[in-house]
Amino acid sequence: MKSATLKIDLDSILYNYRHLKCKYKKNIIAVLKDDAYGLGLLKVASKLKDEENIVFAISSLEEIILLRNNNINNDILYLNVFDIDDIETINKYNITVVVSNFEQLELVKNNNLKFHLKFNTGMNRIGFFDYEISQVISKINKDNYNLKGVMTHIADDDKQHKSYYKFVEIIKKINYKNLMIHCFASNSLTTYKDEITNYIRVGIKLYGIGDKNMFLHNTISLTSPIIQIKKINENELVGYDYTYQTTQKGYLYILPIGY
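Residues numbered from 1 in each chain as written. Predicted model: local features only at pLDDT ≥ 70, side-chain atom pairs only at ≥ 80, totals over all residues. Heavy atoms only, no water.

K.L.:
Is there a simple way to explain the environment of Lys159 in this structure?
P.N.:
Position of Lys159 among the secondary structure elements: in the loop between strand E7 (147-152) and helix H8 (162-171). Residue classification places Lys159 among the exposed positions, given a relative accessible area of 62%. Here the alpha-carbon distance between Lys159 and Thr190, two residues 31 residues apart in the chain, equals 8.9 Å. (Helix = DSSP H or I, 4+ residues; strand = E, 2+ residues; numbered from the N terminus. Buried < 20%, exposed > 50% of the residue type's maximum accessible area, 1.4 Å probe, protein only.)

Structure below.
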């Protein structure tokens with residue numbers, strides 16, 4: 001029996017990457033976590049790897065190892081929380097980590113690991129909170145760390161720019177010259193004047209998901225054969241838990257998709 005087919009247009013992913021880089025005039029951290037959102041990590045990374053200054057963001061050490069074992073040598077930012085048991089792997093595979101607590105800060109110092117500092121600016125999840133900011137900045141400015149970037153995760157579209165301005169005030173307290181500075185992601189990308197950040201993190205917009213007026217290419221198509229056509233009457237119930245009720249007589253088309 002024929003089945004449904006999901007097709008991924010790698011050329012359109014590359015187009016979207018270049019379009020976003022041009023539109024926002026920033027380098028891009030391409031978020032390829034969770035098998036590139038289920039679209040094929042290796043194929044997507046291989047398509048993008050030769051783009052200038054591109055960095056990949058991954059949330060699984062296993063996926064990073066997969067990339068390294070397939071000759072993907074770009075800088076990789078590990079988004080997930082790491083601990084002492086991960087240090088050997090991080091060193092072996094040349095991984096840049098995200099530091100969001102003081103225990104991690106000691107680990108990166110003692111092991112000379114490349115890292116990005118993450119600050120909380122309103123999401124209230126992972127990142128240094130307000131009461132920790134002065135202490136962490138004091139340590140960074142005083143001690144010898146292999147700091148490569150500073151970041152935050154904005155909780156919404158930030159139309160009032162509250163999170164952004166809070167992040168800017170934090171950045172100004174750090175010697176940020178030559179660092180990667182990033183806070184904007186797919187849901188908060190903006191073209192308002194910004195002279196602090198030099199990278200943006202892009203995930204779902206790489207795949208054309210989001211605002212239709214951004215002129216992004218659709219990268220995903222789903223096609224399916226029709227395996228049966230049946231007549232059906234008005235007020236018939238269809239599907240598990242009878243989730244649909246017909247409003248008139250017609251035809252029921254059966255597709256081999258779902259469960």
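The discussion continues.
K.L.:
Help me understand the packing of helix H1 (residues 10-24) against helix H3 (residues 41-48) in this model?
P.N.:
Packed helix pairs are specified by the crossing angle of their axes together with the interaxial distance, meaning the distance between the axes. Where H1 contacts H3, the axes come no closer than 10 Å and their chain directions differ by 50°. Relative to H3, the element H1 is oriented oblique. Crossing hand, H1 versus H3: right-handed. On the side of H1, the interface is formed by Leu10, Asp11, Ile13, Leu14 and Tyr17, while H3 contributes Lys43, Val44, Lys47 and Leu48. Split by residue class, the contact of H1 with H3 holds 6 nonpolar, no polar and 3 charged. (Axes fitted to C-alpha atoms, helices over the stretch in contact; angles between N-to-C directions. Parallel < 35°, antiparallel > 145°, perpendicular 65-115°, else oblique. Left-handed = near helix turned anticlockwise from the far one by under 90°. Contact = heavy atoms within 4.5 Å. Nonpolar A, V, L, I, M, F, W, Y, C, P; charged D, E, K, R; others polar.)

K.L.:
Can you walk me through the packing of aromatic side chains in this structure?
P.N.:
Both the distance between ring centres and the angle between the ring planes are used here to describe each pair of aromatic rings. Under the definition given, this model contains 7 aromatic pairs. For the ring pair Phe119 and Phe128, a centre distance of 6.0 Å and an interplane angle of 50° mean the geometry is tilted. Accessibility classification places Phe119 together with Phe128 in one group, the buried group. Taking 5.5 Å as the distance between ring centres and 20° as the angle between the ring planes, the aromatic pair formed by Tyr164 and Phe184 counts as stacked. Note that Tyr164 is positioned in helix H8 and Phe184 in the loop between strand E8 (180-182) and strand E9 (199-202), a separation of 20 residues in sequence. Each of the two residues, Tyr164 as well as Phe184, counts as buried. Aromatic rings pair up to connect Phe102, Phe119 and Phe128 into one cluster. (Phe/Tyr/Trp six-rings, centres within 6.5 Å; stacked < 30°, edge-to-face > 60°.)

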